[in-house]
2 protein chains.
Amino acid sequence: MTQTQPQALYGPVAEDLILVEDLLESVKRVDLAPLRLMLDHALAPRGKRLRPALVLLAGTFGDYNLNRLVPLGTAIELLHTASLVHDDVVDGATSRRGRPTANAVFDNALTVLLGDFMFANAAEMVTRTGSLPVTRLFALALMKMTNGELDQDSAAFDVGRDVQHYLWRIGGKTAALFGHSTQGGALLAGCSEGQVEALRSYGYNLGMAFQIVDDILDFTGDEAEMGKPAGGDLLEGTITLPALFYLETAPGENPVRSFLAADGDRAAFLPEALAAVVASDAIGRAQGMAQEFVDRALEGLSTLEATDARRTLEELSSYVLTRRS
Amino acid sequence: MTQTQPQALYGPVAEDLILVEDLLESVKRVDLAPLRLMLDHALAPRGKRLRPALVLLAGTFGDYNLNRLVPLGTAIELLHTASLVHDDVVDGATSRRGRPTANAVFDNALTVLLGDFMFANAAEMVTRTGSLPVTRLFALALMKMTNGELDQDSAAFDVGRDVQHYLWRIGGKTAALFGHSTQGGALLAGCSEGQVEALRSYGYNLGMAFQIVDDILDFTGDEAEMGKPAGGDLLEGTITLPALFYLETAPGENPVRSFLAADGDRAAFLPEALAAVVASDAIGRAQGMAQEFVDRALEGLSTLEATDARRTLEELSSYVLTRRS
């Protein structure tokens, strides 16, 4: 099965994304040599730049002013990358997308400060949009993201949480920033209230589907394609949707429960736990829920004019469901 | 010698600082229990709230609108506290102002996220001022702070830096946010360009003096008054002004150089290194330089109307020089 390249999916805004890349490049030009080295590593152009694409696509529904949209797209990508940099410190992760993480190359202390610098840069960048409301929503999105991450960390290995709780967490951790991408783009373009809400809802629900698929791939993904070994979430005690669905249908003793309760060498129990989830109907149910969020995302879109950008957003929702890395 | 209480020094704005305290309290009211616990710890009302006081005092020179000034003061205090929370993680510090640090009570991972949440909160808070330029300057101040911290960490134990470099670093690490406090307060109050610049210059130069005195106290301070043992900077390899002045006048082998070059149990060399600096003229020279920055701060003030607030700012500059913790 060949994988559609996301770049091909960005349609009418694909070329303009180069401006986001240029602005990200400019962020790396700092005087302090160790910082320059770290920014180079963290901002290597390997990401899909999905969030900046959403900003620009949303902006096409109004006044498509790149002087305002490109800084927002860049700010959101910086914020997203900064949060990954800190998450990798928090999780002690050593690789991401097939490359060593910043904390694996530099040390934890410098990597915390690298993330802080990127957050500051993101905040400065978003003010270049000239919009205080968009700047404010941006800060609120970061609060929700951190709240979600904090919840994930403090609830590690706790089997007492339910699907509702999981959805609340990924809403903060991931979907809030997706929602802000489309909402912010629409606001900057001067879209109508109805358009802004339709695009925000599209982005938020796409983000929910995106995170659920991410969590499924942590069970079913191919290490070579993912750039990291499977089972990372469970190993950190993060109980995602497939594990939750599995635990619901297998309430007694089972390999996932044994893994989570294990003392000492927990990793030895991991392969069996992963296999049990994959062999159950939990993956299929999680895929079904991702599909439901995509359906809601498309519902938002249906109220908008049938433009190239709308078709691109529709295709992106299929890509999010079928992606393999 | 009795110590003047800073609260008594805040003169005409002392009572209004309660509004900053109230707004900080409101920040602690979050749903997520572990986060609430951590915010309670980090935002305990032990700080001097010097930066919020500067915001309000600067604001008295124009339209003293507390609806705009209080959010800025609160945002700056949040930003300052968040950066201390991360610095303590970065330095592995276990106590500050006589209390265990957040990373000593909770774990490093959660403490990184606590700092992120506070940064996000600070960013949201500054947008409540209603001023995009002030929000933008706020982000720039954070960039300078992180830049200064990164420089400090990456230059640890490096004896090849000079006084010029030290001043550049503390300009970013500390003085930028002091300067933003008075500049931001003046901007929000609609002060004239000349007033804004006079107040910015006062704040920046006061911040320079403040940091130099902080660095002197790390050599001469009393552990009970400081709430942390002396010599912490040197132990982390941070070569501050007293050590720089000492190294300048003692170019050959000396206890500070031996300490910095020591392998293994470096701490054993610390008492002799501290004693050598304290016995030299380095402390006096550093105090002289702090006085120079205070003189520059007062120069800025001299162009302003002779109000109660101006007298309070003048007194604050003496307090900064004579404080013992």
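Residues numbered from 1 in each chain as written. Chains lettered and ligands numbered in written order. Predicted model: local features only at pLDDT ≥ 70, side-chain atom pairs only at ≥ 80, totals over all residues. Heavy atoms only, no water.

Draft legend 1. The overall build of chain A, seen in detail. Secondary structure assignment for chain A yields 17 helices and two strands. In terms of overall size, chain A behaves like a compact globule, its C-alpha atoms giving a radius of gyration of 20 Å where 325 residues would be expected to give roughly 20 Å. Each of the 325 residues in chain A was classed as buried or not, and the buried ones make up 58%. Taking the intrachain contacts of chain A between residues at least 6 apart in sequence as the baseline, contacts between residues at least 24 apart amount to 76%. (Helix = DSSP H or I, 4+ residues; strand = E, 2+ residues; numbered from the N terminus. Rg over C-alpha atoms; globule rule 2.2 N^0.38 Å. Buried < 20%, exposed > 50% of the residue type's maximum accessible area, 1.4 Å probe, protein only. Contact = heavy atoms within 4.5 Å.)

Draft legend 2. Region of the structure containing helix H3 (residues 33-42) of chain B. When we look at burial in H3 of chain B, the residues that qualify are Leu-35, Met-38, Leu-39, His-41 and Ala-42 of chain B. Seen from one end, H3 of chain B has its buried residues packed into an arc of 160 degrees, which puts them on one side. Buried residues along H3 of chain B sit against helix H8 (132-154) of chain A together with helix H2 (17-28), helix H5 (66-91), strand E2 (99-100), helix H6 (102-105) and helix H7 (108-127) of chain B. (Arc of directions from axis to C-beta.)

Draft legend 3. Spatial organisation of the environment of Val-55 of chain A. Residues and elements named next belong to chain A. With respect to the secondary-structure elements, Val-55 resides in helix H4 (residues 50-59). Sequence separation between Val-55 and Ser-325 is 270 residues, and the spatial gap between their C-alpha atoms is 22 Å. With residues up to four places along the chain from it excluded, the contact list for Val-55 reads Leu-69, Leu-72, Gly-73, Ile-76, Ser-181 and Gly-185.

Draft legend 4. Structural detail: the relation of the copies chain B and chain A. Superposing chain B onto chain A takes a rotation of 180 degrees combined with a translation of 0.0 Å along the rotation axis, leaving an RMSD of 0.0 Å. In symmetry terms, the pair is related by a two-fold rotation axis. Rotation axis and chain B: the residue whose C-alpha lies nearest the axis is Leu-132 of chain B, separated from it by 2.9 Å. When the interface residues of chain B are mapped onto chain A, 100% of them again fall at the interface, so both copies present the same face. (Least-squares fit on C-alpha atoms with pLDDT ≥ 70 in both.)

Draft legend 5. Seen up close, unusual backbone geometry. One non-glycine residue with positive phi stands out, namely Arg-49 of chain A, at about 55 degrees. When you line up the elements, Arg-49 of chain A lands in the loop between helix H3 (33-42) and H4. Even without being a glycine, Phe-157 of chain B presents a positive backbone phi close to 65 degrees. In this fold, Phe-157 of chain B is placed in the loop between helix H8 (132-154) and helix H9 (163-188). In this structure Phe-157 of chain B comes out as partly exposed when scored by relative accessible area, which is 28%.

Draft legend 6. Quick look at the pattern of salt bridges. Counted by the stated rule, this structure contains 30 salt bridges over all chains. A salt bridge links Arg-311 of chain A to Asp-308 of chain A; its shortest N-O distance comes to 2.9 Å. Within this pair, Arg-311 of chain A and its partner Asp-308 of chain A are both found in helix H17 (residues 308-322), separated by three residues, close to a single helical turn. For Glu-124 of chain B, the salt bridge goes to Arg-128 of chain B, with nearest N and O atoms at 3.1 Å. According to the relative accessible area criterion, Glu-124 of chain B is buried, its value standing at 3%. When salt bridges that share partners are traced, they join Asp-151, Asp-158, Arg-161 and Arg-169 of chain A into one network. (Salt bridge = Lys/Arg side-chain N within 4 Å of Asp/Glu carboxyl O.)

Draft legend 7. Representation of the nonpolar core. With 224 residues, the main nonpolar core has Ile-212 and Leu-316 of chain A together with Ile-212 and Leu-316 of chain B as its most contacted residues. If near-sequence neighbours (up to four positions away) are discounted, Leu-316 of chain A is found in contact with Leu-9, Tyr-10, Leu-50, Leu-54, Leu-57, Tyr-202 and Leu-206 of chain A. (Core = buried A, V, L, I, M, F, W, Y, C linked by side-chain atoms within 4.5 Å.)

Draft legend 8. Just the interface of chain B and chain A, in detail. Each partner contributes residues to the interface: chain B has 38 residues there, and chain A has 38 residues. Summed over the three residues of chain B that lose the most area to chain A, namely Leu-113, Leu-132 and Leu-150 of chain B, the buried surface amounts to 18% of that side. On inspection of chain B and its partner chain A, the count reaches two salt bridges. Counting across the chain B and chain A interface gives six residue pairs in polar contact (both at pLDDT 80 or more). Contributions of two or more residues to the side of chain B that touches chain A are made by H3, H5, H7 and H8 of chain B. Of the residues forming the side of chain B that touches chain A, the biggest block, 14 residues, is contributed by H8 of chain B. Its residues assigned to classes, the side of chain B that touches chain A shows 21 nonpolar, nine polar and eight charged. (Buried area = accessible area lost by both parts, 1.4 Å probe. Polar contact = N/O pair within 3.5 Å; in protein donor to acceptor, adjacent residues only side chain to side chain. Nonpolar A, V, L, I, M, F, W, Y, C, P; charged D, E, K, R; others polar.)

Draft legend 9. Inspection of the packing of aromatic side chains at higher detail. Evaluated as defined, the whole model comprises two aromatic pairs over all chains. When the centroid spacing of 5.1 Å and the interplanar angle of 40 degrees are considered together, the rings of Phe-178 of chain A and Phe-210 of chain A count as tilted. With a gap of 32 residues between them, Phe-178 of chain A in helix H9 (residues 163-188) and Phe-210 of chain A in helix H10 (residues 193-220) connect regions that are remote in the sequence. Of the two residues, Phe-178 of chain A and Phe-210 of chain A, neither departs from the other in class, the shared state being buried. Sitting above the plane of the Phe-157 of chain A ring, Arg-266 of chain A keeps its charged end 3.9 Å from the centroid. Here the basic side chain of Arg-323 of chain B rests over the ring of Phe-210 of chain B, its NZ or CZ set 3.8 Å away from the ring centre. (Phe/Tyr/Trp six-rings, centres within 6.5 Å; stacked < 30°, edge-to-face > 60°. Lys NZ or Arg CZ within 6 Å of the ring centre and 35° of its normal.)

Draft legend 10. Quick look at helix H5 (residues 66-91) of chain A. All names here are of chain A. Between its terminal C-alpha atoms H5 stretches 36 Å, which fits the 38 Å expected from 26 residues at 1.5 Å a residue. Counting buried residues in H5 gives 21 out of 26 residues, a clear majority hidden from the surface. You can read the cap of H5 off the contacts: a side-chain oxygen lies 2.9 Å from the backbone nitrogen of Asn-67, and it is on Asn-65. Remark: Gly-92 follows H5 within two positions and exhibits a positive phi of approximately 65 degrees. (Expected span 1.5 Å × (residues − 1).)

Draft legend 11. Focus on the confidence of the model for chain A. Scored by pLDDT, chain A has a mean of 92; 98% of the residues are at 70 or more. For this predicted complex, the interface score ipTM comes out at 0.92, alongside a pTM of 0.93. (pLDDT = per-residue confidence, 0-100.)

Draft legend 12. Focus on the environment of Pro-133 of chain A. The topology assignment puts Pro-133 of chain A in helix H8. Each C-alpha atom, one on Pro-133 of chain A and one on Glu-253 of chain A, is 51 Å from the other, the two residues being 120 residues apart in sequence.

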